[in-house]
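# Coordinate analysis (summary)
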Amino acid sequence: VIVQNYNSILTLSHLYRSSDALLVHENDAVHKICAKLTNIKQISFSDINQVLAHQLGSVFQPTYSAEGSFHYRRNPLGDLMENLVPHPEFKMLGVRNIPQMSENSLAYSTFTWAGLLKHLRQMLISNAKMEEGIDWQIRPPLPGLPSLSKMSLNKELHFNTSIANLLILRGKDVHSADLEGFKDPALYTSWLEPVNAFNVWRTQRAFSKYEKSAALVSNSQFLVKPLDMIVGKAWNMFASKAYVHQYTKFGIEEEDFLDSFALLEQVVASYCTL
């Protein structure tokens, strides 16, 4: 546990260099979903993996390739990249799902697209990982205000600015869902038009016993705070050379640490400027 911040920065920086995009799940957030949404008392690894599998399944199960098409997407990974990673410096993707609940609660629940998408949009802009405990006070910056106000908001990182969002809708009456809330330019960085920054995939086939369900894959500032914290803690340890000998004896040099710090500090700085 003591060296987990070292392991995180070494692993993450290596992955960042060698992959096209990273779909990031935070263990703490998944653990909270198990505890609060699915009411599991003794949470095991298989419970956590089940939530992760549900989130990934809601993204990668087949969807139709275009509006009105009856052909499924042939290259979902390529389409995902095209929709969400417009620039090689920004490749952190996060997934949010709605609804997510225990099977016992599901029998007594009904959902509307308007309600689901209202909650999912607020989860996005307030950077909530689940629909319980959303901060409804957070609002997008108003159009016409000087960019300074957006900068100060970003500094505090209350409002989660996006580069690109992909919404995946599954279930009944999927074509009746109103998506205007996700096309608001205030949600996105100024260098991408919402028409290019927002995409939607649909299928009328229900997912995992939910009559209606939505997943949002988002390239946004969602990871800035936790990543900045990990880098800061690792840097404090590295500055006093704590545990570094555990790595050097296996061939990892101090330069490797410094490269990792530099890359991840650049990632944090880039996302902060959105």
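Below is a short write-up of the structure. (Residues numbered from 1 in each chain as written. Predicted model: local features only at pLDDT ≥ 70, side-chain atom pairs only at ≥ 80, totals over all residues. Heavy atoms only, no water.)

## Examining the sheet that holds strand β4 (residues 198-203)
Stated precisely, the cut-off is as follows: A pair of strands is labelled paired if DSSP reports no fewer than 2 bridges between them. The numbering of helices and of strands both runs from the N terminus, where a helix is a DSSP run of H or I of at least 4 residues and a strand a run of E of at least 2. The angle between two axes is taken between their N-to-C directions and runs from 0 to 180 degrees, where each axis is a line fitted to C-alpha atoms and a helix contributes only its stretch in contact. Should any heavy atoms of two residues lie within 4.5 Å, those residues are considered in contact.
What the five strands build is an open sheet, ordered β1-β2-β5-β3-β4; its pairing is mixed. Strands with a single pairing partner mark the edges of an open sheet, and in this sheet they are β1 (22-24) and β4. Along the sheet, successive strands turn relative to each other by an average axial angle of 25°, direction set aside. As judged from the six bridges shared by strand β3 (residues 162-171) and β4, these two strands associate in the parallel manner. Bridge pairing links Leu 166 to Asn 199 in β4. Strand contacts of helix α3 (residues 45-60): β1, β2 (92-98), β3, β4 and β5 (212-220), with the helix running at about 90° to β3, the strand carrying the most contacts.

## Overview of the environment of Phe 60
Take Phe 60: it is sitting in helix α3. In this structure the C-alpha to C-alpha distance between Phe 60 and Ile 168, which are 108 residues apart in sequence, comes to 9.4 Å. Non-local contacts of Phe 60, meaning those with residues more than four positions away in its chain, are made with Leu 23, Leu 77, Leu 80 and Arg 170.

## Here we look at the environment of Asn 27
By secondary structure assignment, the location of Asn 27 is in helix α2 (residues 27-37). For Asn 27 and Asn 49, which are 22 residues apart along the polypeptide, the C-alpha to C-alpha distance reads 10.0 Å.

## A look at the nonpolar core
Cut-off, in case you're wondering: As used in this record, nonpolar core signifies buried Ala, Val, Leu, Ile, Met, Phe, Trp, Tyr and Cys residues forming a set joined through side-chain atoms within 4.5 Å. Three labels apply to residues, based on accessible area from a 1.4 Å probe with only protein chains included: buried if under 20% of the type maximum, exposed if over 50%, partly exposed otherwise in between.
Counting 70 residues, the largest nonpolar core has Met 92 and Leu 167 as its most contacted members. Once residues within four sequence positions are removed from consideration, Leu 167 is found in contact with Leu 117, Leu 120, Leu 179, Phe 182, Phe 198, Asn 199, Val 200, Trp 201, Ala 214, Ala 215 and Leu 216. With eight residues, the next largest nonpolar core counts Leu 37, Val 51, Leu 52 and Met 130 among its residues.

## With respect to the packing of aromatic side chains
Heads up, the condition is: Centres within 6.5 Å make a pair out of two Phe, Tyr or Trp rings, where for Trp the six-membered ring is used; the pair is then stacked when the planes are under 30 degrees apart, edge-to-face when over 60, and tilted otherwise. Lysine NZ or arginine CZ positioned within 6 Å of the ring centre and within 35 degrees of the ring normal marks a charge as sitting over the ring.
Under the counting rule described, the total for this entry stands at 12 aromatic pairs. For the ring pair Tyr 64 and Phe 70, a centre distance of 6.2 Å and an interplane angle of 75° mean the geometry is edge-to-face. In this structure Phe 70 comes out as exposed when scored by relative accessible area, which is 69%. An angle of 55° between the planes, with centres 5.6 Å apart, marks the rings of Phe 238 and Phe 261 as tilted. A residue pair is termed long-range when its members are at least 10 positions apart, and Phe 238 in helix α9 (residues 224-239) and Phe 261 in helix α11 (residues 254-272) qualify at 23 residues. Note on accessibility: Phe 238 and Phe 261 belong to one class, buried. Linked through ring pairs, Tyr 6, Trp 235, Phe 238, Tyr 247, Phe 257 and Phe 261 together constitute an aromatic cluster. Over the ring of Tyr 16 we find Lys 91; its NZ or CZ atom is 5.1 Å from the centre of that ring. Over the aromatic face of Phe 238 sits the side chain of Lys 241, whose NZ or CZ is 5.3 Å from the ring centroid.

## Side note on the pattern of salt bridges
What counts is decided by this rule: One side-chain nitrogen of Lys or Arg within 4 Å of one carboxyl oxygen of Asp or Glu is enough to make a salt bridge.
Counted by the stated rule, this structure contains seven salt bridges. Of the charged contacts in the structure, one is a salt bridge between Lys 241 and Glu 254, with a shortest N-O distance of 3.8 Å. With Lys 241 in the loop between α9 and α10 (244-248) and Glu 254 in helix α11, the pair connects residues that are 13 residues apart, well separated along the chain. On the basis of relative accessibility, which here comes to 45%, the residue Lys 241 falls in the partly exposed class. One network of salt bridges, in which partners are shared, links Lys 172, Glu 211 and Lys 212.

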